[in-house]
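A closer look at the structure
If you want the building blocks of each chain, they are given just below.
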Amino acid sequence: MMSRALFTAGSIALFGMGCVAELEDAPEVEVTNVAARCPTCDPNGLPPDAWKIAVVELSPSRLGPRGLYTAGRVTPLCEPGTKSTATGFPVCNLAKPWADWADAVPSPEREYRMYLTMYMVKVGARHGAQVKNVKTGVTFSGGFGIAPQVLEVPWDYQTQSLITAGMAVTVDQVANGVEMCMKTKFTSDCPAGYAWHEISAVGNHFAGQRELVVGGYDAHRPEDSTRVCMGSGVACNTYSSTAAYHAALCTYQGSPSQRHPTFCTPAGGGSSFDFAVQVFLPFDPSTLFGSSGGTGPRL
């Protein structure tokens, strides 16, 4: 079950396996709007090449000098005074410090930062929200809506963590727009049609803390998911660390069908991460289009 959305304006290329297309050469990629399915449902598609540098590019050492990270808080995405709700949804211009940050490096880093900006909006803001980068003419659309405060409120640790985890679970080797539903302890359960537990993530790149990605009931390890790894012999997405579902690194809550982590602890020890994001898929993640569920025990 695939879905697609339309990216134009300067056109945004989806990354292939480890290569980057320049914006001016990028093809138009059509992607369906899945807003009708649920408020936290949308396609994935953050390219791995962008995610590989996210832990550095979104760190305090990179954002601080650009005026984007001050006293533990991250600058909101909307430029003050530009927000409108005339369409019934928040529409604004991308904050100038974010636009300057995205444009402050040569290619391919500029494309990487553009994708990171796109997915901060997509993960945090709700369907219908739009953020326009007036420097490039590119408009980014809201999608999963797990932290809608990203537009106008300085990001505290919770918001930073949700955006980090939400971006981690959208990474896809071929950026193929697979539908998913994100569940956090702050959001409603996913629709019944999203019946398969795939992966969850925690972390906070904005605080210099690397992400941890954990397998779910139907993908016992992250590498069991063909959305993440695309089959035997194909390189998986690059994550700072991963763990199996049964490694007992996470504490879960919720009904069996919507069980999700409340926090997870890295295998090497250290402080636990709150604010996990769990992915539910509308198909068996081990077969991509299969219909059989997992056989392991639910925690």
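Above: the structure in question.
Remember, it's a predicted structure, so these values are computed and weren't measured experimentally. (Residues numbered from 1 in each chain as written. Predicted model: local features only at pLDDT ≥ 70, side-chain atom pairs only at ≥ 80, totals over all residues. Heavy atoms only, no water.)

Okay, the state of the cysteines next. One pass over the full model with this rule turns up 5 disulfides. Here Cys38 engages in a disulfide with Cys41; their sulfurs sit 1.9 Å apart. Taking the sign of the S-S torsion, about 100° here, the bridge from Cys38 to Cys41 comes out right-handed. Each member of the pair, Cys38 together with Cys41, is buried. Two residues share a disulfide in this structure: Cys250 and Cys264, whose sulfurs sit 2.0 Å from each other. Between Cys250 and Cys264 the sulfur-sulfur dihedral comes to about 105°; the bridge is accordingly right-handed. Taken together, the residues span a long stretch of sequence, with Cys250 in strand S11 (residues 250-253) and Cys264 in strand S12 (residues 260-264) at a distance of 14 residues. (Disulfide = S-S within 2.5 Å. Buried < 20%, exposed > 50% of the residue type's maximum accessible area, 1.4 Å probe, protein only. Helix = DSSP H or I, 4+ residues; strand = E, 2+ residues; numbered from the N terminus.)

The next point concerns helix H6 (residues 157-170). Taking 1.5 Å as the rise per residue, H6 with 14 residues should run 20 Å; its terminal C-alpha atoms sit 20 Å apart, in good agreement. For H6, every residue scored as buried is listed here: Thr159, Gln160, Ser161, Leu162, Ile163, Thr164, Ala165, Gly166, Met167, Ala168, Val169 and Thr170. (Expected span 1.5 Å × (residues − 1).)

Let's shift gears to the pattern of salt bridges. The tally for this structure, following the rule as stated, stands at 12 salt bridges. Of the charged contacts in the structure, one is a salt bridge between Lys135 and Asp100, with a shortest N-O distance of 3.1 Å. On the criterion of sequence distance, the pair formed by Lys135 in the loop between strand S5 (130-133) and strand S6 (138-141) and Asp100 in helix H4 (residues 96-102) is long-range, its members being 35 residues apart. What makes Lys135 partly exposed here is its relative accessible area of 46%. (Salt bridge = Lys/Arg side-chain N within 4 Å of Asp/Glu carboxyl O.)

Counting 59 residues, the largest nonpolar core has Leu77, Trp98, Met120, Ile163 and Met167 as the members making the most contacts within it. Residue contributions to this core peak at 9 residues, all from helix H5 (residues 109-124). Apart from residues no more than four positions distant in its own chain, Met120 is found in contact with Leu58, Leu77, Trp98, Ala125, Val150, Trp155, Ile163, Met167 and Phe206. Counting residues in each nonpolar core, the second largest holds 12 residues, with Val202, Tyr217, Tyr252 and Phe273 among its members. (Core = buried A, V, L, I, M, F, W, Y, C linked by side-chain atoms within 4.5 Å. Contact = heavy atoms within 4.5 Å.)

Centre distance and the angle of the planes are the two values used to describe a pair of aromatic rings. For the structure shown, the criterion picks out 6 aromatic pairs. Each ring, one from Trp155 and one from Phe206, has its centre 5.3 Å from the other, and the planes form 80°; the classification is edge-to-face. Placement of Trp155 in the loop between S6 and H6 and of Phe206 in the loop between strand S8 (196-204) and strand S9 (209-215) is noted, with a sequence separation of 51 residues between them. The exposure classification of Trp155 matches that of Phe206, with both residues buried. (Phe/Tyr/Trp six-rings, centres within 6.5 Å; stacked < 30°, edge-to-face > 60°.)

Another aspect to go through is unusual backbone geometry. Cis geometry marks the peptide bond from Ser107 to Pro108; its omega dihedral reads 5°. Locating Pro108 in the fold gives a position in the loop between H4 and H5. You will see that Phe275, though not glycine, has its phi angle at about 65°, which is positive. With a relative accessible area of 14%, Phe275 lands in the buried category.

Within a sheet, each strand pairs with its neighbour through backbone hydrogen bonds, oriented either parallel or antiparallel. One open sheet holds the 3 strands; their spatial order is S4-S5-S6, and the pairing between them is mixed. Sheet topology places strand S4 (91-93) and S6 at the edges, where each strand pairs with a single neighbour. Pairs of neighbouring strands in the sheet enclose a mean axial angle of 20°, with direction left out of account. Both S5 and S6 contribute to a ladder of 4 bridges, which runs antiparallel. (Pairing = 2+ DSSP bridges. Axes fitted to C-alpha atoms, helices over the stretch in contact; angles between N-to-C directions.)

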